[in-house]
Amino acid sequence: MRLSRSLIPTLKENPAEAVIASHRLMLRAGLVRQTASGIYAWLPAGWLVLQNIARIVREEQIAIGSQDMLMPTIQSADLWRQSGRYDAYGPEMLRIKDRGDRDMLYGPTNEEMVTELFRQSVKSYRELPQILFHIQWKFRDELRPRFGVMRGREFLMKDGYSFDLDYEGAVITYRKIMLSYMRTFQRLGVKAIPMVADTGPIGGDLSHEFIILAPTGESQVFFDAAYETMDFSEGKYDHNDPADLARFFGDVTNSYAATDEKHDAGVWANVAEKREGRGIEVGHIFYFGTKYSEPMGLSLAGRDGTPVVPHGGSYGIGVSRLVGAIIEAHHDEAGIIWPDSVAPFPAVILNLKAGDAGCDALCEEAYAAFRGRALLDDREDRAGVKFADADLMGHPWQIVVGPRGAAKGMVELKRRATGEKVEVSLADALAKINQA
RNA sequence: CGGGGCGUGGCGCAGCCUGGUAGCGCAUCUGCUUUGGGAGCAGAGGGCCGGAGGUUCGAAUCCUCUCGCCCCGACCA
């Protein structure tokens with residue numbers, strides 16, 4: 001994109017309503033604009049980030065055999081009456097009527113719908129287990145939206161649902177998804193720690209929330225230093241082997257980790273290497289047994305022909321919240337520092353002297369090499385403005401093209417995360433960016 | 001939902017108490033100079049002061065109602 005003709009409205013000053021770093025930076029870097037309390041429009045750069053995160057989340061779900069699908073945002077109230085949650089959910093659910101005066105709702109989650117869809121077509125134990133997920137907008141009419149996209153009313157969530165024949169199977173699925181989550185967060189460039197959680201309104205008795213570490217997080221967390229060095233990348237654990245999943249589950253849950261509400265000072269005293277920090281919840285997984293399959297009449301033919309009621313679980317990742325959470329974990333005084341995996345653009349090309357033939361030519365050459373996927377700062381502004389905006393927007397690489405270097409065919413390549421700068425040929429710069 | 005606060009050009013704010021018809025910085029546009037870390041000078045455009053009623057000769061300012069947004073708390077991806 002050419003910055004001179006892009007809807008990426010950067011702000012020099014802090015908007016008054018933003019109190020936490022990620023909210024301020026998202027507004028200042030031109031990623032989002034609020035359109036109503038807790039509801040945001042994703043401007044071009046912000047939408048690119050959101051899609052990058054969604055892509056990684058999606059890839060890691062598909063990698064463990066979960067099926068990608070898409071359910072609608074608007075649901076019929078009848079479905080929710082079947083599970084008993086239409087009344088139970090309360091005012092957090094946005095209720096609407098269609099022209100025929102039928103009760104509808106904007107989905108806050110999809111257990112009912114996926115159970116219904118599953119019930120319609122799956123009839124035999126032979127078809128189990130299955131995991132389904134979608135990445136879709138949700139609406140929860142929060143008492144108090146705040147902190148920008150960290151607690152919006154409308155938000156993008158990856159919600160997954162599993163169906164197993166029995167408890168033992170459900171536990172294997174639960175662990176498999178837990179592994180996929182650890183892989184996902186690692187690829188997103190954030191440190192995530194699973195912590196035992198209350199099961200909340202969804203119910204059930206096996207649940208973990210995933211907290212990522214960020215200095216400005218909302219809750220205090222206590223954890224064993226062992227979490228700092230855990231590695232979940234592909235190949236470390238076999239998600240198809242129940243024994244290996246058990247090993248993984250042990251590795252990731254045996255060390256101490258708790259938020260302040262669940263903190264146990266007695267156990268904490270025995271932890272050898274203690275770590276304390278702030279954390280943000282970005283994911284939550286539940287095993288809930290037959291909580292939905294039972295009331296909604298989901299049952300299939302079992303091995304001996306008698307009906308079996310499947311055991312389920314649901315698994316959420318706050319995709320839009322992750323944008324804010326990643327910024328909380330990766331920023332400095334100058335602005336955002338995007339991890340390569342989620343950056344809206346891999347690089348920005350700074351034309352320090354728009355109008356200079358040499359600079360223009362070299363910038364166009366660089367820009368063409370990215371086929372539109374880099375950001376070209378071709379504005380007729382002074383260098384300082386461009387440097388400041390580049391740092392603010394947090395592009396992993398800055399290709400700085402100035403008149404002196406351009407005359408020799410050289411550019412300055414700056415790494416946002418480290419501040420390191422080298423003078424190299426454009427070809428070398430492109431090679432370095434591509435291998436990163 | 002309880003408690004607090006704020007709505008004045010795109011952003012940040014002043015003016016309100018003590019009514020007299022709107023101002024500052026940044027941003028924007030034009031010109032000249034400048035040009036590697038948020039330039040200088042000169043000029044220009046842009047706001048019926050969230051909305052509706054009321055008081056008054058006259059309301060951004062006083063009164064009433066209303067809408068929106070933010071912050072603290074209990075709940076949550």
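Calculation criteria
Residues numbered from 1 in each chain as written. Chains lettered and ligands numbered in written order. Predicted model: local features only at pLDDT ≥ 70, side-chain atom pairs only at ≥ 80, totals over all residues. Core = buried A, V, L, I, M, F, W, Y, C linked by C-beta atoms within 7 Å. Buried ≥ 20, exposed ≤ 12 C-beta atoms within 10 Å, placed from the backbone. Helix = DSSP H or I, 4+ residues; strand = E, 2+ residues; numbered from the N terminus. Domains from an automatic or database assignment. Contact = placed C-beta atoms within 7 Å. Nonpolar A, V, L, I, M, F, W, Y, C, P; charged D, E, K, R; others polar. Near = placed C-beta within 6 Å. Axes fitted to C-alpha atoms, helices over the stretch in contact; angles between N-to-C directions. Parallel < 35°, antiparallel > 145°, perpendicular 65-115°, else oblique. Left-handed = near helix turned anticlockwise from the far one by under 90°. Expected span 1.5 Å × (residues − 1). Arc of directions from axis to C-beta. Pairing = 2+ DSSP bridges.

## A word on the nonpolar core
Membership of the largest hydrophobic core comes to 99 residues, with the highest contact counts inside it found for I53, I212, I349, I399 and V401. At eight residues, helix 6 (residues 167-187) tops the list of elements feeding residues into this core. Counting residues in each nonpolar core, the second largest holds five residues, with V114, F118, Y161 and F163 among its members.

## A few points about the domain arrangement of chain A
On domain assignment, one finds that chain A holds domain 1 (3-336) and domain 2 (347-435). Using only C-alpha atoms to locate each centre, domain 1 and domain 2 end up separated by 37 Å. Contacts between the two partners involve nine residues from domain 1, matched on the other side by 10 residues from domain 2. Of the residues contributing to the side of domain 1 that touches domain 2, the split by class is five nonpolar, three polar and one charged.

## Points about the protein's contact with RNA strand B
With respect to spatial proximity, 51 residues lie near RNA strand B, and among them A16, G318, G384, F387 and G402 are the closest. Of all the elements in the fold, those that place two or more residues in the surface near RNA strand B are strand 1 (32-36), strand 8 (154-164), strand 13 (274-289), strand 16 (311-318), helix 9 (319-329), helix 11 (383-393) and helix 12 (403-408). When residues of the surface near RNA strand B are assigned to their parent elements, the largest contribution, eight residues, is made by helix 11. Of the residues belonging to the surface near RNA strand B, the class tally is 22 nonpolar, 12 polar and 17 charged.

## Thoughts on the packing of helix 2 (residues 44-63) against helix 6
The angle between the axes and the distance between the axes are what describe a pair of packed helices. For the pair helix 2 and helix 6, interaxial distance at closest approach is 9 Å and the crossing angle is 150°. Accordingly, the angle class assigned to the pair helix 2 and helix 6 is roughly antiparallel. The way helix 2 lies across helix 6 gives a crossing that is right-handed. Between helix 2, through I56, V57, E60, Q61 and A63, and helix 6, the contact on the second element is made entirely by S180, R183, T184 and R187. Each residue belonging to the contact of helix 2 with helix 6 can be placed in one class, and the counts come to three nonpolar, three polar and three charged.

## A closer look at helix 2
What sets the pattern is the α-helix's 3.6 residues per turn: residues three or four places apart point alike. Taking 1.5 Å per residue, 20 residues should reach 28 Å; helix 2 reaches 28 Å between its end C-alpha atoms and fits that length. Within the span of helix 2, buried status applies to A45, G46, V49, L50, I53, I56, V57, E60 and Q61. Viewed along the axis of helix 2, the buried residues span an arc of 160°, placing them on a single side of the element. Immediately beyond the C-terminal end of helix 2, within one or two residues, lies G65, with a positive phi of roughly 90°.

## Observations concerning the sheet that holds strand 20 (residues 375-377)
Strand order in the open sheet made by the five strands is 20-19-21-22-23, with mixed pairing throughout. Among the strands making up the open sheet, the edge pair consists of strand 20 and strand 23 (421-425). Each neighbouring strand pair of the sheet contributes to a mean axis angle of 25°, computed without reference to strand direction. With four bridges joining them, strand 21 (residues 397-401) and strand 22 (residues 410-415) adopt antiparallel strand pairing. Bridging across to strand 22, I399 finds its partner in L413. Sheet strands in contact with helix 10 (residues 357-369) are strand 19 (347-351), strand 20, strand 21 and strand 22, and its direction is about 165° off that of strand 19. With respect to the sheet, helix 11 is in contact with strand 19, strand 20 and strand 21, its orientation differing from that of strand 19 by roughly 175°.

## Re the packing of helix 2 against helix 9
At a closest axis distance of 9 Å, the pairing of helix 2 and helix 9 adopts a crossing angle of 115°. As far as their axial angle goes, helix 9 and helix 2 are roughly perpendicular. Handedness of the helix 2/helix 9 crossing: right-handed. Residue-level contacts link V49, L50, I53, A54 and V57 of helix 2 to V319, S320, L322 and V323 of helix 9.

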